[in-house]
Amino acid sequence: MKTPIYDFVKDYAASGTVRLHMPGHKGNGPLGCEAFDITEIVGADVLYSADGIIAESENNASELFGSAHTFFSTEGSSLCIKAMLALVTANTPSGQRRVIAARNVHKAFVYAAALLDLDVDWLYPDSSEHLCVCKIGADEVKKALDSADSLPCAVYITSPDYLGNLADIREISEVCDKYGVPLIVDNAHGAYLGFLDTSLHPLDLGASMCCDSAHKTLPVLTGGAYLHIAKKAERFVENARNTLAVFASTSPSYLTLSSLDLCNAYIADEYSQKLATLVNKLEKIKLELVNMGMTVYGDEPLKLTLNACDIGYSGVQLAQHLREQGIECEFADDEFVVLMASVQNTDAELDSVVLSLKKLEKRTPIKTKRAPICKCERAMSIRKATFCTAEAVNIANAVGRVCATPTVSCPPAVPIIVSGEIITDAAARLLGTYGVLAVDVVK
């Protein structure tokens, strides 16, 4: 597969052209990559009015993912989330600005709701296991749509979630289709899912739109992401690029664009076979860890999520043990450790995880109190609370106050309290669990 962006940048870097244009490093600098870091010069196309090499590369990605069109983002899925929500609100004939969403959203969703002045009806699971986990199925979505006074402009879910749980997108999308409501999916952690032996990608399971953070699981530089629009939702394509431009920087990274471009060729060149080999390897590792007495959580193929408490450690302690063995995890909290693998990991690297855990002395399991998703009463709109005058207060003094901006570390970037909600005792305790000592509240 052709790589038009990378080829242009490579040729320009080798041309010896005098660079009397941005960036200021002029192609030279200590990082070594500066020669490939260009701006939108003649021939380089323009990301948000693409009709040249960027458009060609996006068309290649669209073919690989089977979308009506796949748009590139150099600002991660955060940009794509804002654009998806703007598109569904702009394309709702009734002017409805309400979204039904599973509660374990990324904070980018909350910021988008503030910018677009969205009203959000939250879906909660019957039994909450963790801040990042909101196991919502077709029945919950149907019930929410049946009970709605008027249909929302979209249903929004996060799948996979941070701990590696996959939602039943096919069943949820069938329900949404019956009501004529678009299903949009934050698939930030699942860019690879379409290239499994049996695709689990949201587009192939019936979603209208989704975002993928290519940089999370594919060999793409940080910030590289996709906005996919399904063929059945082609009506959103026409305004998508302009909508992305509304929220995006006018200075996209050509290093990131080049890596997205090269990733097309990477995917087209036996990626599926390499992915199948990796998935098989990880399945064996997971089984071996289970046989060692460990609890492996979630069903996402490329995540290895371990419940550390079952062997007598906190997730933070287990992560520190791995770190001392030269292994850095993706995420850890009181209970879980999350490790993310990709085809770029070697067998030796993956085997080192098992070897490291074999060195760990087993202890008496820790009985943990689950830190579930909090249900908080809404006092004002997300937009009003986000843009109001705020003050930071200690969490001990925050109970009963109204949250101004969501406070949580990244990862996991799932808000404990959403802007406009009244902070409860449970929410304050959960903030403390994640090391949050102060929170912004409405003044």
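For the structure itself, look to the data block above.
Figured I'd write up the structure that's included with this text.

Calculation notes
- Residues numbered from 1 in each chain as written.
- Predicted model: local features only at pLDDT ≥ 70, side-chain atom pairs only at ≥ 80, totals over all residues.
- Heavy atoms only, no water.
- Helix = DSSP H or I, 4+ residues; strand = E, 2+ residues; numbered from the N terminus.
- Buried < 20%, exposed > 50% of the residue type's maximum accessible area, 1.4 Å probe, protein only.
- Disulfide = S-S within 2.5 Å.
- Contact = heavy atoms within 4.5 Å.
- 1 Å grid on protein atoms, 1.4 Å probe; cavity = no way out; pocket = protein on both sides within 12 Å on 5 of 7 lines; lining within 4 Å.
- Points joined across faces, edges and corners; volume = space filled by probe spheres on them.
- Pairing = 2+ DSSP bridges.
- Patch = residues over 30% accessible without salt bridge, like charges linked within 9 Å, V, L, I, M, F, W, Y side chains within 5 Å.
- Areas by Shrake-Rupley, 256 points an atom, 1.4 Å probe, with all protein chains shown as cover.
- Salt bridge = Lys/Arg side-chain N within 4 Å of Asp/Glu carboxyl O.
- Lys, Arg positive; Asp, Glu negative; His and termini not counted.
- Charge placed at Lys NZ, Arg CZ, Asp CG, Glu CD.
- Axes fitted to C-alpha atoms, helices over the stretch in contact; angles between N-to-C directions.
- Parallel < 35°, antiparallel > 145°, perpendicular 65-115°, else oblique.
- Nonpolar A, V, L, I, M, F, W, Y, C, P; charged D, E, K, R; others polar.

1. Quick notes on the environment of glycine 66
Take glycine 66: it is sitting in the loop between helix H2 (53–65) and strand S1 (69–73). Residue glycine 66 is classed as partly exposed on the basis of its relative accessible area of 38%. For glycine 66 and leucine 203, which are 137 residues apart along the polypeptide, the C-alpha to C-alpha distance reads 7.8 Å.

2. Topic: the state of the cysteines
Scanning all chains against the criterion turns up zero disulfides. The thiol of cysteine 80 is unpaired, and the distance to the nearest cysteine sulfur, on cysteine 211, comes to 5.7 Å. Cysteine cysteine 263 is unpaired, with the sulfur of cysteine 80 as its nearest cysteine sulfur at 14 Å. Look at cysteine 263 and you get buried, because its relative accessible area is 1%.

3. Structural notes on the side chain of lysine 82
Summarising the element assignment, lysine 82 is placed in helix H3 (residues 76–90). Other than its neighbours up to four places away in sequence, lysine 82 contacts Ala112, Leu115, Leu116 and Phe247.

4. Things to note about the layout of surface pockets
Looking at the largest pocket, its volume works out to about 560 Å³. Along the wall of the largest pocket there are 34 residues; nearest its centre are Ala188, His189, Ser213, His215 and Lys216. Elements with a minimum of two residues in the lining of the largest pocket: H3 and helix H8 (214–217). A total of four residues in the lining of the largest pocket trace back to one element, the largest contributor, which is H3. Lining the second largest pocket we find 16 residues, and of these Ile327, Glu328, Leu339, Met340 and Asn345 sit closest to its centre. Listing elements by their share of the lining of the second largest pocket, those giving two or more residues are helix H11 (271–291), strand S11 (336–340) and helix H13 (347–358).

5. Describing the sheet that holds strand S8 (residues 295–297)
A sheet is described by the order of its strands in space; here four strands give the open sequence S8-S9-S11-S10, paired in antiparallel fashion. One side of each edge strand has no neighbouring strand; the edge strands of this open sheet are S8 and strand S10 (331–332). Looking at chain direction, S8 and strand S9 (residues 303–307) are connected through three bridges and run antiparallel. From the neighbouring strand, tyrosine 297 faces S9, where its bridge partner is threonine 305.

6. Let's talk about the side chain of serine 173
Within the secondary structure, serine 173 sits in helix H6 (residues 169–179). Discounting chain neighbours no more than four positions away, the residues touching serine 173 are Leu183, Leu205, Gly206 and Ala207.

7. So, a negative patch on the surface
Where like charges cluster on the molecular surface, the negative patch consists of Asp139, Asp168, Glu171 and Glu174. Relative to the helices and strands, aspartate 139 is located in helix H5 (residues 138–147). With relative accessibility at 65%, the residue aspartate 139 sits in the exposed group.

8. As for the packing of H11 against H13
Where H11 contacts H13, the axes come no closer than 11 Å and their chain directions differ by 5°. Considering their axes alone, H11 and H13 lie roughly parallel with respect to each other. Two secondary-structure elements touch here, H11 through Leu278, Lys281, Leu282, Ile285, Glu288 and Leu289 and H13 through Asp347, Leu350, Asp351, Val354, Leu357 and Lys358. When the residues that make up the contact of H11 with H13 are grouped by side-chain class, the tally is seven nonpolar, no polar and five charged.

Take it as geometry only, folks, not as evidence of what the structure does.
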